[in-house]
Amino acid sequence: MSRNPGCTVFIGNLDEKVGRVVDLHIPRDKETSRSKGYAFAEYETEEIAQYAVKLFSGLVRLHNRTLRFAISGQDKQSSNGNNPVTPKLNPIPPPKPAQPMRSSDTPMSPHTVVNGRIAGISPNHSYNHSEASSGISSRGLSNGTYEYSRRVFGSVLNDALTERQPQSEKKAARARPMSAKAVVVLCATSFFVGLLLSGRMPLLMPPSSGSSDGAGSSGHGSRLSLFSDDCDHRRKLDEGNNPNDIMNEVSRTHQAIQSLDKSVSSLEMELAVERAKQNGGLGASVPSKGGRRPPKAFVVIGINTAFSSKRRRDSLRDTWVPRGERLRRLEEEKGVVVRFVIGHSATPGGALDRAIDVEDAETRDFMRLDHVEGYHELSSKTRTYFAAAVATWDADFYVKVDDDVHVNLGMLTSRLARYRTRPRVYVGCMKSGPVLSQKGVKYHEPEYWKFGDEGNRYFRHATGQIYAISKDLASYISINQPILHRYANEDVSLGAWLIGLEVEHVDDRSLCCATPPDCEWKKQAGNVCAASFDWSCSGICKSVDRMRAIHSACGEGDGAVWNSLAAAAA
């Protein structure tokens, strides 16, 4: 049975002497693909073929032309009186055996057109139903069958010729030229639709009765100017439509989206900070500003120090931390704030606190926190530092660094400037150290069981010697500090506070260079380090004695911070 009965035509009352058409071949010109004017129809036996010649000769007309029939390779006198000379058909492989068919099936099995040959009768052929039915009349079996077979064969050959026509001819036959009136109507409709979509329909409206001629003429001139400007704009866009311009436009759009995202995030955090300040949620000693907004800054660098670290602080002031007027100018002109961060002793107002008061009165480079100092309280101190820094300065970045680390301020600020337009940025040397469960060892983690089985490692977080976070992350810590859990190690605590947020972790290896000769070689190669320390000591070993030599070997120069910020601003 045919695969698609809906496209198959049943034909009855066929003459049993006319067998099935095994193959139909229509030769075509190799260059033009046009038919050569003849075809070959192969039947199952020679007797059937001879009967078909007698049956159809002189009686089949196609496109007002009477077709000629003869056995292939023989020059016989046809019934219409002509002597056709028929070319020989090239031998072809024998057809496949006919598939058995039931009486309910269509009498002709479907075949496809392959290389100009149509095996059997294609199911895509369309027959003239009225003509076929007229052949099956009550005029008598012989006459009706003869007329029916002649018409069916002519229809099959006609459809085969139509199928083999070039595609261009078929498309040309379907194309119908539009009338001139239809073209005018279509153009006018498109014009007015374009005016409606572009919002320029009022330009075509006549001027109001109250307007003068001068106003009308100026309105006409403005309409012409608008259309002219639009054409010029489109021409410029077309002229500038090259890959470089497109990539630049995409880059600018991407930067604008990032900037907008950061602005929205910052506004949300500012609102949350204000709410927290009103509710007394900031656990820091913040100077009163009389309700004014905190001053703007690019980066706040908080140097973690202790009461016993005065010699370390002096070594930094002698190398990379500016003093006096230079410190004030760096803050006011470049937005780089550098402060030593310290809390108070267990007995506020004692000798330790008074010593810091005297030192601060001389250097004016301290940031005092409402926090009790202690080595095992670093997580609390870090949390309090970010809260106080956010309340005191409105900066893009907040940095925490230990007082035994060498820093090149110019390189640090230039590295951070790369991420200025990105929201929620966490910058540092990312690591994943082991969770130490043994008591008595350095960096012991009392809550080791929270990190899985014994021997597991921490999640990725920035090493504690130096790291930076963007404003929105610092504001998040400030708002939520009462409920942020503190682990034994402050760098692990910070990583835990940020691990569940949409944060961009930036692994910047220039923040963890080793001391000379490592940082010195990198400087000579043109890759100045942002920070240097010794991993074995979690800082610079014997930093008081070595800081000046390291600054001489790996320092970027006194004017680098000014030049780097100017380049970043440009």
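Everything quoted here is computed from the prediction, not taken from an experiment.

What follows covers the confidence of the model for the chain. Looking at the chain as a whole, the pLDDT averages 75, with 64% of positions reaching at least 70. Every residue in residues 75-92 scores below 50 in pLDDT, and together they form 37 contacts with partners more than four places removed in sequence or on other chains. When the criterion is pLDDT under 50, residues 98-146 qualifies, and its contacts beyond four places in sequence or with other chains add up to 87 contacts.

A few words now on helix α1 (residues 46-56). For α1, every residue scored as buried is listed here: Ile48, Ala49, Ala52, Val53, Leu55 and Phe56. Viewed along the axis of α1, the buried residues span an arc of 165°, placing them on a single side of the element. Structural note: α1 exposes Glu46, Glu47 and Lys54 on the side pointing more than 90 degrees away from its buried face. Once α1 finishes, glycine 58 follows within two positions and takes phi at roughly 80°, a positive value.

Time to look at the nonpolar core. Within the largest apolar cluster, 47 residues are counted, with the highest numbers of intra-cluster contacts made by Ile301, Val407 and Leu416. Contacts of isoleucine 301, omitting those with residues within four sequence positions, involve Val336, Val337, Val338, Arg339, Tyr385, Val399, Val401, Leu409 and Leu412. Ranked by size, the runner-up nonpolar core spans 27 residues in total, among them Leu369, Trp393, Tyr398 and Leu473.

Tallying each qualifying case throughout the model produces 28 salt bridges. Ionic pairing is found between arginine 339 and glutamate 331, a salt bridge with its closest N-O pair at 3.0 Å. Using a relative accessible area of 12% as the deciding quantity, one classes arginine 339 as buried. Lysine 400 is the partner of aspartate 402 in a salt bridge, and the nearest nitrogen-oxygen pair spans 2.7 Å. Accessibility assignment for this pair places aspartate 402 and lysine 400 in one class, buried. Among the charged side chains, a network of salt bridges with common partners joins Lys310, Arg313, Asp314, Arg317, Glu359 and Asp365.

Quick notes on the rules
Residues numbered from 1 in each chain as written. Predicted model: local features only at pLDDT ≥ 70, side-chain atom pairs only at ≥ 80, totals over all residues. Heavy atoms only, no water. pLDDT = per-residue confidence, 0-100. Contact = heavy atoms within 4.5 Å. Buried < 20%, exposed > 50% of the residue type's maximum accessible area, 1.4 Å probe, protein only. Helix = DSSP H or I, 4+ residues; strand = E, 2+ residues; numbered from the N terminus. Arc of directions from axis to C-beta. Core = buried A, V, L, I, M, F, W, Y, C linked by side-chain atoms within 4.5 Å. Salt bridge = Lys/Arg side-chain N within 4 Å of Asp/Glu carboxyl O.

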